[in-house]
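Residue-level structural notes
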Amino acid sequence: MLIVMQNTATKRQIDDVVSTIEKIGLKPQRLPGAQRTAIGVMGNTSFVDHDRIVNFPGVKEVIHVTKKYKLVSREYNPEDTLVKINDEVVFGGKKPIIIAGPCAIESKEQLLKIAKTIKKLGAHMLRGGAYKPRTSPYSFQGMGEEALKMMHDVGKEVGLPIVTEIVSIADLDLFKKYVDMVQIGSRNMHNFDLLQRVAAIGKPILLKRGMSATMEEFLLAAEYILNRGNPNVVLCERGIRTFETSTRNILDLNTLALIRRESHLPIIADPSHSAGRYDLVSPLAKASLVAGAHGLIVEVHNNPKEALSDGEQSLDFETFKSLMQEL
Ligand code: PEP
Ligand code: MN
């Protein structure tokens, strides 16, 4: 249930509504907006006397949120959420945030070279896998803790905040220590224990859509994180599986555009994992921004042909430079 206060409502009137809800035994959450405050009420609200609340001084309207997802919905919070990584990197505003870097971290020299180049070309954040959830157990699995430390040091040296994927709750303390934003990958979107445990460390989270997840399942995964008290979630459309096999995945711009309506959370696009080939990254990146994405995550490698993971979809420096100029 959402109680929308009038824009002239006083603090006292808001406090009165909040304490009434608390007396009923439910948990109100204040949602201050630029125009007016709203009060969200979670849990079974069927026994809240609707007429009584509507008639409270300062109350504009009472809305019953009908969707399965509540905290992430626009019904619940009509204004765009901003997820702030630092003063310059804020997801959800007018400026598109560009995250770039290798699929996997292979060495410190490699990472430093890529980080310096993408920074010079205008990227805002550095990506790179330390723990790689590879489809085959025989593929390169990432350098683990060593790579996390490298990423931390390189990020600081170059002046780029870092985002990297967590695959196990055993690594929570390391992520707490070393990273600015924690990525939850497509293969773990349904790992609800991981979602909740990562939410609890309080860092911003980049949540990628499961490759076969519906929009509702995707938003419910984000709901798990918000429900744990962490509002700093950036969604990522990274392509879904369909009958079409000519590209790795299908970038679902329908859902991206729909999520801009359905949810107040920022959403970015991953044209690299959607396309699976470098020559489609640029058109998909541009289409995503036009469709309403708040940013992009793009794989960039100093020598894609020799990359230990996802080389075929990684941009080399020249191609990334052209993309940034076109954007
Ligand atoms: C990645 O970003 O490196 C990755 C593994 O992506 P996804 O989880 O979308 O497959
Ligand atoms: Mn990859």
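Below or above, wherever it landed, is the structure these notes cover. Each chain carries its own residue numbering, running from 1 in the written order of its sequence. Each chain takes a letter, starting from A, and each ligand takes a number, starting from 1, following the order in which they are written. Whole-chain, interface and lining totals are the exception, using all residues; otherwise, since this is a predicted model, local features are given only for residues with pLDDT of at least 70 and side-chain atom pairs are given and counted only at 80 or more. Values shown for side chains rest on all heavy atoms present in the structure; no hydrogens or waters enter the calculation.

The next subject is the environment of Ala-115. Note that Ala-115 resides in helix H3 (residues 108-120). According to the relative accessible area criterion, Ala-115 is buried, its value standing at 0%. For the pair Ala-115 and Glu-244, spaced 129 residues apart in sequence, the C-alpha to C-alpha distance is 34 Å. We call two residues in contact when some of their heavy atoms are within 4.5 Å. Ignoring sequence-local partners within four residues, the contact set of Ala-115 consists of Leu-126, Val-154, Val-158 and Leu-160. Helix and strand definitions follow DSSP, with helices as H or I runs of at least four residues and strands as E runs of at least two, each counted in order from the N terminus. A simple rule labels every residue: compare its accessible area, found with a 1.4 Å probe on the protein chains alone, to the largest value its type can have, and call it buried under 20%, exposed over 50%, or partly exposed in between.

Before going further, it helps to examine the pairing of strand E3 (residues 37-41). Of all the five residues making up E3, five are buried; the element is thus mostly covered by neighbouring parts of the structure. Residues Thr-37, Ile-39 and Val-41 of E3 are buried on one face, and the alternating residues Ala-38 and Gly-40, pointing to the opposite face, are buried as well. Strand pairing follows a simple DSSP-based rule, namely that at least 2 bridges must link the two strands. Pairing of strand E1 (residues 2-5) with E3, which is carried by three bridges, proceeds in the antiparallel orientation. Residue pairing in the sheet places Val-4 in a bridge with Ala-38 of E3. Note: strand E2 (residues 28-32) against E3, five bridges, orientation antiparallel. The residue bridging Leu-31 from the neighbouring strand is Ala-38, located in E3.

Time to look at the nonpolar core. We call a set of buried residues a nonpolar core when its members are Ala, Val, Leu, Ile, Met, Phe, Trp, Tyr or Cys and they connect through side-chain atoms within 4.5 Å of each other. Core analysis: the largest hydrophobic core is formed by 72 residues, its most contacted members being Ile-118, Leu-126, Leu-207, Leu-235 and Phe-320. With seven residues, the single largest contributor to this core is helix H7 (residues 215-227). Not counting the four nearest positions on each side in its chain, Leu-235 is found in contact with Leu-206, Leu-207, Phe-218, Leu-219, Ala-222, Ile-259, Leu-265, Pro-266, Ile-267 and Ile-268.

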